[in-house]
Amino acid sequence: MNKQILEISNLSVSIGNDTIIDNISMDFHWKKITTILGPSGCGKTTLIRCINRMHELIPHARVSGSILLFKKNIYEMNPILVRREIGMVFQRPNPFPTMSIYDNVIAGYKLNGIKLGSAEKDNIVETSLCRAGLWSEVKDALHRRGAFLSGGQQQRLCIARALAMKPRILLLDEPTSALDPKSTGHIEDLVSELKESVTIIMVTHNIRQASRISDFTAFLSKGELVEYGSTEKLFTVPEDKRTEEYLSRSAG
Amino acid sequence: MRKTSQLSPEDRNIRIYETLFSWILKFFSVLVVATLVGILATILIQALPSFRDAGINFYTGKSWDPVFKHFSATPFVVGTLATTVLALLISIPFSLSIALFSGFYLHPGRITSTIRLLIDLLAGIPSVIYGFWGLSIVVPAVRQFELFSGRVPYGVGIFTAALILSIMIVPYAASIGRDVIALVPSDLKEAGLALGATPYEVVRWIVMPYSKAGLLSGILLSFGRAIGETMAVTMVIGNANKIPGSIFDPANTISSIIANEFAEATDPIYVSHLIHMGLILFITTTAIGLFGRRVIKKWSSH
């Protein structure tokens, strides 16, 4: 069963005269992990930034095509509402350095001017930190600033911050590329657990990571969607020669 | 024959030049520091007669009247504080807006650099030009306002001086503010936007807390600039030697009274009282500078 959570159709993006994304159409699967794989500069980060309209921060970016979130075109929605539904975690951990751990988790509410009672706040903070697998490590230091946390813990704090808004889709932009192998393993386990409750779209250039945790994989090259299918199939019997070449070169 | 040196002639030349060069650097650096110490010593020594003559009355008295030998700095301390604080309050909305607009909202490009250039040019205008412009434009405008609102239409006074000063100090707070705001890491701004925050909410909850130390340092710098500004203020403040009753009254600041009366002060004790006020100004600006540094250090250590 495949609920139509997110459908991209005929999406093209250009910045100035450069085409970054070239006519991509793809559907994402409800409560599954989809990874977007490809060499640097293939447009994978731009693709997921289109999904929560963060590409609008880039000057001179032009987008055509549509992205439907539960059948509603996100380009006709208020970007602020789109971003509350679709959370994002970035390459480098970026907790807010001026806020405590507690305030970081509920930052989305504070930033959006949503008032919460203190019991409700406590509840959201605890639930989100538990879901991010960080609660037991920081529960005694909630009101301290997060500067003493390790890189991996900071990244899990960022995941908790995104989960606190109860998004239905979580975008992860190479979430482990700035982390050591142990923290990377932690984040991968966490992402695998999270798919119980949220649809995950993850960009990575690490093909082992893609094969370890994802259900579906899309391979991008030069702005084009070369191949998209179940991870198992794409890794064992790739249809396109370019996919096969990329996989064998990166594995070797 | 004894060898006078192990070094070859070239090596010896290099050594001589190096030593000479470092001595030249030391000479000029020490000279500047010595001048600073000299200025402070001169002011202190020349202010001594004033300390002895007026004592505590210099700070507690209410009037300044050289003819009757009443010497109290109070009217000018009040005038300076009123003018500077008012100028600061007027300038902050402008400098903060410019800093946020050019440091956060605008993408780097031609418009940003033009705004930057124009704001920096504002800092380069000689203060006598501000004074002249104030006399010909701002004073008549304030006079109209005073007539309209039923006040004595002086035109000149604390309010006029504060208006001119506020324009003069905008570039200092604005350019430092813009630089610290531009230094806020873009991944923090992105994190805020990705959580569904509007640009205003990102400014309010992320950019401002992150850059508060730098913003404050810009404001303190402009405060230090305003407190010592002499020429423009002297031209439009009205030069009245009494404690001002309202912000529309003519008054004098410490620097404007010194500029006005130093040349005509013939009595040595009169000169000493003026120098005493110079000492107050010197200590105040130094204290603001030191305080600013401490605050910045404390706030930026998170």
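Residues numbered from 1 in each chain as written. Chains lettered and ligands numbered in written order. Predicted model: local features only at pLDDT ≥ 70, side-chain atom pairs only at ≥ 80, totals over all residues. Heavy atoms only, no water.

Caption draft 1: Layout of the interface of chain B and chain A. Chain B puts 18 residues into the contact, and the matching count from chain A is 28 residues. Carbon and sulfur atoms make up 67% of the area that chain B and chain A hide from each other, which totals about 2000 Å². Together, B:Ala194, B:Leu195 and B:Trp205 form the three largest contributors to the area buried by chain B at its contact with chain A, with a combined 32%. Connecting chain B to chain A are two salt bridges. With its nearest N and O atoms 2.9 Å apart, the salt bridge here joins A:Arg49 to B:Glu190. (Contact = heavy atoms within 4.5 Å. Buried area = accessible area lost by both parts, 1.4 Å probe. Salt bridge = Lys/Arg side-chain N within 4 Å of Asp/Glu carboxyl O.)

Caption draft 2: Geometry of the domain arrangement of chain B. Residue and element names in this part refer to chain B. The domains assigned to chain B are domain 1 (4–54) and domain 2 (58–300). Centre-to-centre, using C-alpha coordinates, domain 1 lies 34 Å away from domain 2. If you look at the interface, domain 1 gives 12 residues, while domain 2 gives 10 residues. Across the interface of domain 1 and domain 2, roughly 990 Å² is buried in total on both sides, 75% from carbon and sulfur atoms. Scanning the region where domain 1 abuts domain 2 turns up zero salt bridges. (Domains from an automatic or database assignment.)

Caption draft 3: Geometry of the packing of aromatic side chains. Residue and element names in this part refer to chain B. For the coordinates displayed, the defined rule picks out 12 aromatic pairs over all chains. Ring centres 5.2 Å apart and planes at 75° place the aromatic pair Phe 27 and Phe 28 in the edge-to-face group. We classify Phe 27 as partly exposed; its relative accessible area is 49%. Judged by centre distance (5.8 Å) and plane angle (35°), the ring pair of Phe 145 and Phe 248 falls under tilted. Here Phe 145, found in helix H5 (residues 127–148), pairs with Phe 248, found in the loop between helix H9 (231–236) and helix H10 (254–261); they are 103 residues apart in sequence, far enough to count as distant. A relative accessible area of 39% places Phe 145 in the partly exposed class. (Phe/Tyr/Trp six-rings, centres within 6.5 Å; stacked < 30°, edge-to-face > 60°. Buried < 20%, exposed > 50% of the residue type's maximum accessible area, 1.4 Å probe, protein only. Helix = DSSP H or I, 4+ residues; strand = E, 2+ residues; numbered from the N terminus.)

Caption draft 4: Structural detail: the sheet that holds strand S8 (residues 199–204) of chain A. Residues and elements named next belong to chain A. Taken together, the six strands give an open sheet; going across it, the order is S6-S7-S8-S3-S9-S10, and neighbouring strands pair in mixed fashion. Among the strands making up the open sheet, the edge pair consists of strand S6 (86–89) and strand S10 (224–230). Sheet twist, expressed as the mean angle between neighbouring strand axes with direction ignored, is 15°. In terms of strand pairing, S6 meets strand S7 (residues 169–173) through four bridges, oriented parallel. Across the sheet, the residue bridging to Ile 86 is Ile 169, located in S7. Packing against the sheet, helix H7 (residues 151–164) makes contact with S6 and S7, and its axis sits at approximately 170° to S6. (Pairing = 2+ DSSP bridges. Axes fitted to C-alpha atoms, helices over the stretch in contact; angles between N-to-C directions.)

Caption draft 5: A look at H5(B). Residues and elements named next belong to chain B. When the terminal C-alpha atoms of H5 are compared, their 29 Å separation across 22 residues agrees well with the 32 Å that a helix rising 1.5 Å per residue should span. At Gly 134, H5 shows its largest kink, close to 45°. By the burial criterion, the buried members of H5 are Ser 127, Tyr 130, Gly 131, Gly 134, Val 138, Val 139, Val 142 and Glu 146. In this structure, the buried residues of H5 make contact with helix H4 (110–124), helix H6 (158–182) and H9. Just downstream of H5 lies Gly 150, where phi reads positive at about 75°. (Expected span 1.5 Å × (residues − 1). Bend = angle between axes of the 7 residues up to and from the residue.)

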